[in-house]
Amino acid sequence: MALPSNAIEQFSKNSSIKLICEAGTGYNNIPLDTCNEKQIQVCNVPSYSNDAVAQTAITYIMNFAMNMFQQQSMLNRGNGDRSNFTGPFTLPLMELNNKTLGLVGGSGRIGTKVAEIGLVLGMNIIISRRNPAGLATDANTNDSTTLPSLPDSHKLFNHPNVYVTYDINELLEKSDFVSIHTPLNNDTKNSFGTNQITKMKSTAYLINTSRGKVINENELIDCLEYNVIAGAGLDVTHTEPPVSDSKLWSLTNVVLSPHIGWKRLETRQRLVDMTTDNIESYINTNGNNCINVVS
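The rules behind these values
- Residue numbers run consecutively from 1 along every chain, following the written order of its sequence.
- Predicted model: local features are reported for residues with pLDDT of at least 70 only, side-chain atom pairs are reported and counted for 80 or more only, and whole-chain, interface and lining totals are derived from all residues.
- Side-chain numbers come from the whole structure's heavy atoms, not from hydrogens or water.
- Each domain's extent was defined by an automatic or database domain assignment.
- Contacts are assigned to residue pairs that have any heavy atoms within 4.5 Å of one another.
- Two parts placed together each lose some accessible area under a 1.4 Å probe, and adding up what both lose gives the buried area.
- Here, a salt bridge means any side-chain nitrogen of Lys or Arg that lies within 4 Å of a carboxyl oxygen of Asp or Glu.
- Secondary structure counts use DSSP, requiring at least four H or I residues in a row for a helix and at least two E residues in a row for a strand, with both numbered from the N terminus.
- Buried residues are those whose accessible area, probed at 1.4 Å on protein chains only, stays under 20% of the maximum for their type, while exposed residues exceed 50% and partly exposed ones sit between those limits.
- UniProt positions are given in the numbering used here, feature names are shortened, and annotations may be inferred rather than shown by experiment.
- Patch building starts from residues that exceed 30% relative accessible area and form no salt bridge, then joins like charges within 9 Å and nonpolar side chains (Val, Leu, Ile, Met, Phe, Trp, Tyr) within 5 Å.
- Shrake-Rupley sampling with a 1.4 Å probe provides the accessible areas, and residues are treated as covered by the protein chains on show and by no other component.
- Every axis in this analysis is a line fitted to C-alpha atoms, fitted for helices over the stretch in contact. Angles between the N-to-C directions lie between 0 and 180 degrees.
- By definition in this entry, angles of less than 35 degrees are roughly parallel, angles greater than 145 are roughly antiparallel, angles of 65 to 115 are roughly perpendicular, and the rest are oblique.
- Crossings are assigned a handedness: left-handed for a near helix turned anticlockwise from the far helix by less than a right angle, right-handed for a clockwise turn.

Interface size is commonly expressed as the accessible area that is lost once the parts come together. According to the domain assignment, the protein chain contains domain 1 (5–47 + 264–285) and domain 2 (50–81 + 91–132 + 149–256). Averaged C-alpha coordinates put domain 1 and domain 2 at centres separated by 30 Å. In this assembly, six residues from domain 1 lie in contact with seven residues from domain 2. Between domain 1 and domain 2 lies a buried interface of about 570 Å² when both sides are counted; carbon and sulfur atoms form 38% of it.

This part is about the pattern of salt bridges. Applying the stated criterion across every chain, the model contains five salt bridges. Between Lys113 and Asp51 there is a salt bridge, and its shortest N-O distance comes to 3.3 Å. In this pair, Lys113 sits in helix α5 (residues 109–120) while Asp51 sits in helix α3 (residues 50–65), placing the two residues 62 residues apart along the sequence. The exposure class of Asp51 is partly exposed, given its relative accessible area of 38%. Taking the shortest distance from any N to any O, the salt bridge between Lys201 and Asp176 comes out at 2.9 Å. Here Lys201 is found in the loop between α7 (194–197) and β9 (205–208), whereas its partner Asp176 is found in the loop between α6 (168–174) and β8 (177–180), with 25 residues between them in sequence. For Lys201, a relative accessible area of 29% puts it in the partly exposed group. Overall, the relative accessible area of 13% leaves Asp176 in the buried class.

This paragraph deals with the UniProt feature "domain: D-isomer specific 2-hydroxyacid dehydrogenase NAD-binding" (unreviewed entry) in the protein chain. In this numbering, the UniProt entry assigns the feature "domain: D-isomer specific 2-hydroxyacid dehydrogenase NAD-binding" (unreviewed entry) to residues 59–136 and 164–261. Span residues 164–261 is 20% helix and 17% strand, its end C-alpha atoms 26 Å apart.

Taken together, the side chains of Met66, Met68 and Leu93 define a hydrophobic patch exposed on the protein surface, amounting to about 280 Å² of accessible area. Mapped onto the secondary structure, Met68 falls in helix α4 (residues 68–76). Owing to a relative accessible area of 38%, Met68 belongs among the partly exposed residues under this scheme.

Once that is clear, we can look at the packing of α3 against α5. Across the interface, α3 lies against α5 with an axial gap of 8 Å and an inter-helix angle of 50 degrees. Compared by their axis directions, α3 and α5 come out oblique. Seen from above, α3 lies across α5 with right-handed handedness. Side by side, α3 and α5 meet where Asn50, Asp51, Val53, Ala54, Gln55, Ala57 and Ile58 of the first sit next to Arg109, Ile110, Lys113, Val114, Ile117 and Gly118 of the second.

In structure tokens, the structure reads:
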């Protein structure tokens with residue numbers, strides 16, 4: 001739920017409202033400029049759901065690998081005959097080892113967790129980055145040169161099964177699964193649409209556990225209607241849940257979940273604890289120290 005600017009504008013600079021705590025990671029729903037004008041500090045909780053959201057992305061990947069969603073749907077309709085060539089046992093099934101997982105903006109906390117699990121499953125990882133990170137070793141020449149790389153402090157720096165690229169098209173063309181891990185801002189809003197999806201393999205799956213509005217939803221629907229890619233798993237959508245007449249409900253190659261990636265029992269308790277820590281830190285330091293200040 002967005003906090004409207006006009007609600008903040010009603011406060012004076014001497015108002016008793018000094019702190020706004022976002023009980024979550026994304027703070028695109030808070031008018032930071034207006035808060036700055038009113039001298040209201042804003043903080044968030046950026047790491048409470050790393051494991052949970054990463055596991056959600058992996059859950060989609062593992063289910064798509066054996067078409068479990070469609071298998072269950074067909075079984076529910078009574079179509080479970082192994083000899084039936086139109087039945088569930090004719091759906092594509094694959095092992096994940098040696099498959100390629102592309103992480104769009106995947107060098108952050110959650111993307112890194114997804115990569116780590118993918119590596120354990122034997123997958124090859126491609127991570128797209130927007131900015132150069134420094135030096136890496138060229139495997140062909142053994143020389144240090146400016147290549148797409150993770151920072152040397154990153155836990156996956158120079159990992160033999162992790163490839164970094166500044167060209168997102170390269171990631172899209174090579175990946176069997178594409179998982180989005182970008183924040184929602186003016187640069188990323190509706191940034192993933194037809195131009196990107198048409199560069200993916202026709203057998204590839206798209207997964208979004210970040211923010212729904214990163215994807216151009218109408219263009220995604222068009223691509224899925226024409227089977228440009230094999231399918232999509234969406235834990236987040238433009239409107240949550242999608243409007244009643246959205247084609248997302250009827251497309252057979254779409255799987256939806258109601259933004260539950262972060263809603264594990266342990267995760268919610270961690271969120272409450274860390275939000276409390278933010279408030280206590282602010283109070284105990286007379287407003288000089290909030291644990292994670294964003295504005």
